[in-house]
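Letter by letter, the chains look like this.
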Amino acid sequence: MLDRFPADEYRSIVELRRDLHRHPELAFEESRTGALVAARLARLGAAVATGVGKTGVTADVGEGGARLLVRADMDALPLTEASGEEFSSEEAGRMHACGHDGHVAIALAAAGRLRRDPPARGLRFLFQPAEERGGGARACVADGVLDGVTAAIGLHLWNQLPVGKVGVFRGAMMAAVDEFEISVRGRGGHGAAPHETFDPIVAAARIVEALQTVVSREVSPLDSAVVTIASIHGGDAFNIIPSTVRLTGTARWFTEATGAAMPAKIGRIVSGTAAAAGVSAHLEYRRINRPVVNDPRVADVVIEAARRLLGEENVDTETRTLGGEDMSVYLDRVPGCFFFVGSAPEGPHRPHHSPEFAIDERALVVGTTLLEAAARDVAAAAFERA
Ligand SMILES: [Zn+2]
Ligand SMILES: [Zn+2]
């Protein structure tokens with residue numbers, strides 16, 4: 001595939017991706033990116049709408065009303081780039097560290113190809129804002145991007161896989177994202193007189209340890225979930241026991257039963273452990289993203305296209321991650337498929353969301369070719385809403 005792709009088209013996709021990479025924009029601030037996308041789509045002669053979900057852009061391509069949504073996200077992350085690339089971010093504290101610059105370049109290239117040779121059923125390309133902070137997909141749905149749409153597809157560049165490989169799953173492929181905050185309140189005092197206090201630091205330490213048993217003892221070993229405490233803040237002197245400690249964390253899960261029970265399980269352990277230590281604790285629990293659940297029928301169409309283009313051995317149909325994505329907002333409403341396109345560069349691992357993140361740009365070719373083929377095949381299969 002890589003050697004058959006037109007060299008001038010590859011150069012223009014890379015050039016666009018590097019331009020976006022130099023000018024990353026955070027969630028709901030994608031005005032330069034959105035304007036650039038809208039201009040390119042208008043040049044294709046597509047019916048373009050801007051201001052979708054605040055800063056998003058849509059373009060309808062093909063015959064009749066748009067039936068299949070093809071989604072790409074556009075936002076960057078609040079990081080200072082340290083990738084060493086010559087086209088690094090020119091904005092301090094902002095970086096395309098997830099690959100969304102590549103998603104925009106891929107989707108524009110695929111839109112161009114589909115515009116030149118339109119499929120029988122209409123497509124709607126959506127360039128979505130604010131995936132990272134959440135809220136972008138929901139804002140787009142509120143603005144009607146799913147009106148008339150009966151299926152949805154999208155992709156993510158993926159550094160867990162090398163270039164030339166594709167990962168997908170017939171079912172729950174990415175986990176739900178919940179976040180929580182625990183405030184532990186005790187009685188502060190002198191570091192030398194702990195018996196006169198109720199120490200929230202020792203209590204918080206016990207809570208952190210006890211929460212490890214949610215997954216190890218309370219979730220079925222045949223299911224998958226994660227409970228992570230990601231921050232602890234309390235005290236600021238070596239000889240003062242503080243009166244409060246604040247913990248934040250995230251819970252990830254795939255199945256509805258596990259997700260429904262999670263706040264109660266965490267709450268029971270938090271309050272019971274706090275009571276044992278003579279302190280009080282308060283849990284605030286918020287749902288951020290639902291699991292990304294692929295429809296097996298749509299996934300089969302994508303898998304078939306990927307096998308045809310890349311060879312059976314390069315399509316991993318068991319790819320799952322406890323990472324989350326707001327692609328779930330669409331897939332909760334219409335059947336669809338989200339898939340991963342391998343983009344790991346040579347050398348040491350460059351994880352998503354790290355300042356060292358980088359991709360092998362040949363993944364842009366795989367992404368463009370597969371997105372075009374998947375869009376054609378899924379549109380032709382004419383899935384309907386359940
Ligand atoms: Zn990300
Ligand atoms: Zn992402």
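Residues numbered from 1 in each chain as written. Chains lettered and ligands numbered in written order. Predicted model: local features only at pLDDT ≥ 70, side-chain atom pairs only at ≥ 80, totals over all residues. Heavy atoms only, no water.

**Structural notes on helix H9 (residues 363-381)**
So, step 1. Under the 1.5 Å per step criterion, the end-to-end length of H9 is 26 Å for 19 residues, consistent within 8% with the ideal 27 Å.
So, step 2. One or two positions beyond H9, positive phi appears at Ala382, with a value near 50 degrees. (Helix = DSSP H or I, 4+ residues; strand = E, 2+ residues; numbered from the N terminus. Expected span 1.5 Å × (residues − 1).)

**Some thoughts on unusual backbone geometry**
So, step 1. For Phe28, which is not glycine, the phi dihedral falls at a positive 65 degrees.
So, step 2. What makes Phe28 buried here is its relative accessible area of 16%.
So, step 3. A positive phi angle, close to 50 degrees, is found at Ala382, a residue other than glycine.
So, step 4. With respect to the element layout, Ala382 can be found in the segment after H9. (Buried < 20%, exposed > 50% of the residue type's maximum accessible area, 1.4 Å probe, protein only.)

**Considering the coordination of the zinc ion (ligand 1)**
So, step 1. Taken together, the protein donors to the zinc ion (ligand 1) comprise Cys98 (SG), Glu132 (OE), Glu132 (OE) and His353 (NE2), at separations of 2.0 to 2.6 Å.
So, step 2. Taken together, the four donor atoms surrounding the zinc ion (ligand 1) define angles of 53 to 148 degrees at the centre, an arrangement classified as irregular.
So, step 3. Summarised as a motif, the one-chain spacing of the donors to the zinc ion (ligand 1) is C-x33-E-x220-H.
So, step 4. Distance-wise, the zinc ion (ligand 2) is placed 3.1 Å from the zinc ion (ligand 1), both being coordinated by Cys98. Placement of Glu132 in the loop between strand E4 (122-128) and helix H4 (136-142) and of His353 in the loop between strand E16 (336-344) and H9 is noted, with a sequence separation of 221 residues between them.
So, step 5. The partly exposed category is assigned to Glu132, whose relative accessible area is 22%.
So, step 6. Note on His353: relative accessible area 42%, which makes it partly exposed. (Donors = N, O, S within 2.8 Å, 3.2 Å for Na, K, Ca; no water. Tetrahedral: all angles 85-135°; square planar, octahedral: opposite > 155°, others 65-115°.)

**Quick look at helix H1 (residues 7-22)**
So, step 1. Taking 1.5 Å of rise per residue, the 16 residues of H1 would be expected to cover 22 Å, and the 23 Å separating its terminal C-alpha atoms lies within 8% of that figure.
So, step 2. Residues of H1 that are buried: Glu9, Ile13, Val14, Leu16, Arg17, Leu20 and His21. End-on, the buried residues of H1 take up no more than an arc of 160 degrees, which puts them together on one face. More than 90 degrees from the buried face of H1, the exposed residues found are Asp8, Arg11 and Glu15.
So, step 3. Buried-residue contacts for H1 involve helix H2 (31-43), helix H3 (100-116) and H9. (Arc of directions from axis to C-beta. Contact = heavy atoms within 4.5 Å.)

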